[in-house]
There are 2 protein chains.
Amino acid sequence: MAENPPKRQKTSESEEKIECDALRNFKGFKIKRILNQNLSSKSVFLLGNLYSESSPGSAGDASSGTPEGGVACDDADPQSSGNDQAVVLLEKTAFTEDLLPTLMSDKSVLNRSMQNDIYGVYECFPPKELSGIKTTLIYPATEKHIQKYSAQDVHLINESYQDYKNITLPYIEEKQFNIQWVYNILEKKAESERIVSEDPDPETGFVMLPDMKWDEKQTSNLYLIVIIHQRGIKSLRDLSTSHLPLLRNIQEKCLKCIQEKYSIPADELRAYLHYQPSYYHLHVHFTHLKFNAPGTNVDRAHLLSSVIENIELMPDYYQRKPLAYVLRENDGLLAKFREARAGNGQ
Amino acid sequence: MAENPPKRQKTSESEEKIECDALRNFKGFKIKRILNQNLSSKSVFLLGNLYSESSPGSAGDASSGTPEGGVACDDADPQSSGNDQAVVLLEKTAFTEDLLPTLMSDKSVLNRSMQNDIYGVYECFPPKELSGIKTTLIYPATEKHIQKYSAQDVHLINESYQDYKNITLPYIEEKQFNIQWVYNILEKKAESERIVSEDPDPETGFVMLPDMKWDEKQTSNLYLIVIIHQRGIKSLRDLSTSHLPLLRNIQEKCLKCIQEKYSIPADELRAYLHYQPSYYHLHVHFTHLKFNAPGTNVDRAHLLSSVIENIELMPDYYQRKPLAYVLRENDGLLAKFREARAGNGQ
């Protein structure tokens, strides 16, 4: 038996639940697979069996055909072995100021791996008390937990205008993404109290309101969305010379408004469009430059100033330039691209 | 004296340089201040004195009036104590797949801090070998290094080509940034064992090697730098039709090489240039699409495919298009822009 045997509880709904005592270590834990991994935030999400290989001859995991099986969750009740699954979220922790003097002392051990001129690269092994990893254990974990914490592969598509016409546009039209919620905002049927600024001109006008990702408590993570009044402009791909007054109007008025309302100068803001956008009614994102907002990467964001300048340089720029963007493995549009590429023998 | 006394070297330019032996720990290190701290990437950049308090009665730090002084860099030569400054970059490392079985075993110690229903929160103390912190030591560090790694307000500059000619280019030429370390790599005088691939062609060739930000332990945060052999191409701003063979060669060969060596298909990679770059010898970044690498934001990164396509559409695109980028408050270039804008009454 593992060091931390599960115990049985009757819940109010009379469901039987397994709840584990505090684990002392991961003895008996068997990794089934990595659900997700984030290298920039230094985290990894794992799926595993919490009490595998705990006793010789324990029953196999009935719920999975993986060779990693061999689970003995609760010898007293073999039925429960079907839910010995645990999701473990491991996250490296940020450095805290108060512990830096301990870290930067003779208590840390250094191993040098590289030296070039004045640059040396080391591995620093801190004293044990500074090596803690934040660990969240979800046990027993359901399929929903597993899906919630699973990653998807992503792929970079370089979409020519021909691709847009033949693959992307038919896909958008076929799906008929519902943008009634956008019209509700423009018509003041919803969220009207959230509107920060409006220009009612039907050709060059817009509505500006806070994005859901902004807590509105501080301006250092300011995130505003500007939705145009004009309908039928789906994305960047539709823009050309005739839209310059619209784009310039948004740039000028919104920067001015944010300066006045939130005291953020224009050169501390980032104004950009997404391609692909998350909905096909033209809108512009305004975020604080210090805020590393999601969707500001070069594989999705297009600066408003750059869009204006590209059209000034070449009126049909967005009907000629291939545009690269990232699609997730299970995105319907990626499937369409794969079909088309296969059909072309690409 | 500290355990790791600096040693003096005569370089080929007859400059005296301090170079330290491999440090074994941070004994004698004195934190002067936190230059920057990133809670999401779990990193902290410190400024400190490397050999302070190493012997009783050591000389104070002549170069700084901080109370933390007390530096004895090299007892034999008090003059050198002015540059005992070190910049230390500490970054928690991402989890690597091969070490997960060791981590998820009885070798890790768990302390539970919270339990609510099926959710338990723990601190996990891994075995020592898994507790390494990536540490970059820059020693001796100049004011420029200190500035480079300090947190600062940021500003978005939209640089016209006229601005480039009148402000940016003169600034680059005036500063004469030292890129000897780049030539050392190209000439195999340094880091030659790190080269992953090379095309020796003097016009279209390059050297590819891992970026310092890549741990080289797993491919999901792959980060390779491709440095061109041709000299004198400072940045994006110099590129036009004559460079298309170079750019296409890099794109084709590097993607192929990464596919072969690391089994990552082209559509899971991001190839891009920085503008402004951190050094003015043309180089291209290749990172895994899943890796949210620093410098992939729209306000600094330019996809290699996009650069090629823009020049195909318009040979002098990069001599016409305004380019937006972020400059930090104390960047010398920002001061030049401010001067110029003030002179123009802008």
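Predicted model, so just to flag it, every value in this text is computed and none were measured.

### Focus on the UniProt feature "active site" (unreviewed entry) in chain A
Residues and elements named next belong to chain A.
Move 1: With numbering aligned to this structure, UniProt lists the feature "active site" (unreviewed entry) at H283.
Move 2: Here H283 lies in strand β14 (residues 283-288).
Move 3: If we ignore the near neighbours within four places in the chain, the residues touching H283 are I225, V226, I227, L273 and P277.
Move 4: In this structure the side chain of H283 is engaged in a polar contact, spanning 2.8 Å, whose partner is the backbone oxygen of H281.

### Observations regarding the interface of chain A and chain B
Move 1: Taken residue by residue, the interface counts 97 residues in chain A and 101 residues in chain B.
Move 2: Across the chain A to chain B interface the summed buried area is about 9300 Å²; carbon plus sulfur atoms make up 61%.
Move 3: Contact with chain B buries area across many residues of chain A, yet L39(A), F95(A) and M104(A) alone supply 9% of it, more than any other trio.
Move 4: Linking chain A with chain B are six salt bridges, by the criterion used here.
Move 5: Linking chain A to chain B there are 46 residue pairs in polar contact (both at pLDDT 80 or more).
Move 6: No other element matches strand β7 (residues 119-125) of chain A, which puts seven residues into the side of chain A that touches chain B.

### As for the pairing of strand β13 (residues 269-274) of chain B
All names here are of chain B.
Move 1: Of all six residues making up β13, six are buried, and the element is well covered by its neighbours.
Move 2: Taking every second residue as pointing to the same face, both faces of β13 are buried, with L269, A271 and L273 on one and R270, Y272 and H274 on the other.
Move 3: Bridge count between β13 and strand β14 (residues 283-288): four bridges; the pairing is antiparallel. Across the sheet, the residue bridging to L269 is H288, located in β14.
Move 4: Sheet analysis places β13 next to strand β15 (residues 301-303), joined by three bridges and oriented antiparallel. Note on β15: the bridge partner recorded for Y272 is L303.

### So, empty space enclosed by the protein
Move 1: Evaluated as defined, the whole model comprises six cavities of 30 Å³ or more.
Move 2: Approximately 440 Å³ is the volume found for the largest cavity.
Move 3: Taken together, 31 residues form the lining of the largest cavity, with V298(A), H302(A), S306(A), H302(B) and S306(B) sitting closest to its centre.
Move 4: For the lining of the largest cavity, the secondary-structure elements that each account for two or more residues are β15 (301-303), α6 (304-313) and β16 (323-328) of chain A together with β15, α6 (304-313) and β16 (323-328) of chain B.
Move 5: When residues of the lining of the largest cavity are assigned to their parent elements, the largest contribution, five residues, is made by α6(A).
Move 6: Each residue belonging to the lining of the largest cavity can be placed in one class, and the counts come to 18 nonpolar, nine polar and four charged.
Move 7: The computed volume of the second largest cavity comes to approximately 70 Å³.

Calculation criteria
All residue numbers refer to position in the chain's written sequence, counted from 1. All chains are assigned letters beginning with A, and all ligands numbers beginning with 1, in the order in which they are written. Whole-chain, interface and lining totals are the exception, using all residues; otherwise, since this is a predicted model, local features are given only for residues with pLDDT of at least 70 and side-chain atom pairs are given and counted only at 80 or more. With hydrogens and water excluded, all non-hydrogen atoms of the structure serve as input to the side-chain values. UniProt positions are given in the numbering used here, feature names are shortened, and annotations may be inferred rather than shown by experiment. The way it works is that DSSP assigns letters per residue, a run of H or I at least four long becomes a helix, a run of E at least two long becomes a strand, and they are numbered from the N terminus. We call two residues in contact whenever any of their non-hydrogen atoms come within 4.5 Å of each other. Pairing of N or O atoms within 3.5 Å defines a polar contact, subject to two protein rules: one partner must be a possible hydrogen donor and the other a possible acceptor, and residues neighboring in sequence count only if both atoms are side-chain atoms. Two parts placed together each lose some accessible area; with a 1.4 Å probe, that loss summed over both constitutes the buried area. Put simply, a salt bridge is a Lys or Arg side-chain nitrogen that is within 4 Å of an Asp or Glu carboxyl oxygen. For every residue, the accessible area obtained with a 1.4 Å probe (protein chains only) is divided by the maximum for its type, and the residue is called buried under 20%, exposed over 50%, and partly exposed between those limits. One bridge is not enough; two strands pair if DSSP finds at least two bridges between them. We place a 1 Å grid over just the protein atoms. Points where a 1.4 Å probe fits but has no way out form a cavity, open points with protein on both sides within 12 Å along at least 5 of 7 lines form a pocket, and any residue with an atom within 4 Å of a point lines it. Grid points are joined across faces, edges and corners, and a volume is the space filled by probe spheres set on the points. Classification used: nonpolar for Ala, Val, Leu, Ile, Met, Phe, Trp, Tyr, Cys and Pro, charged for Asp, Glu, Lys and Arg, polar for all others including Gly.

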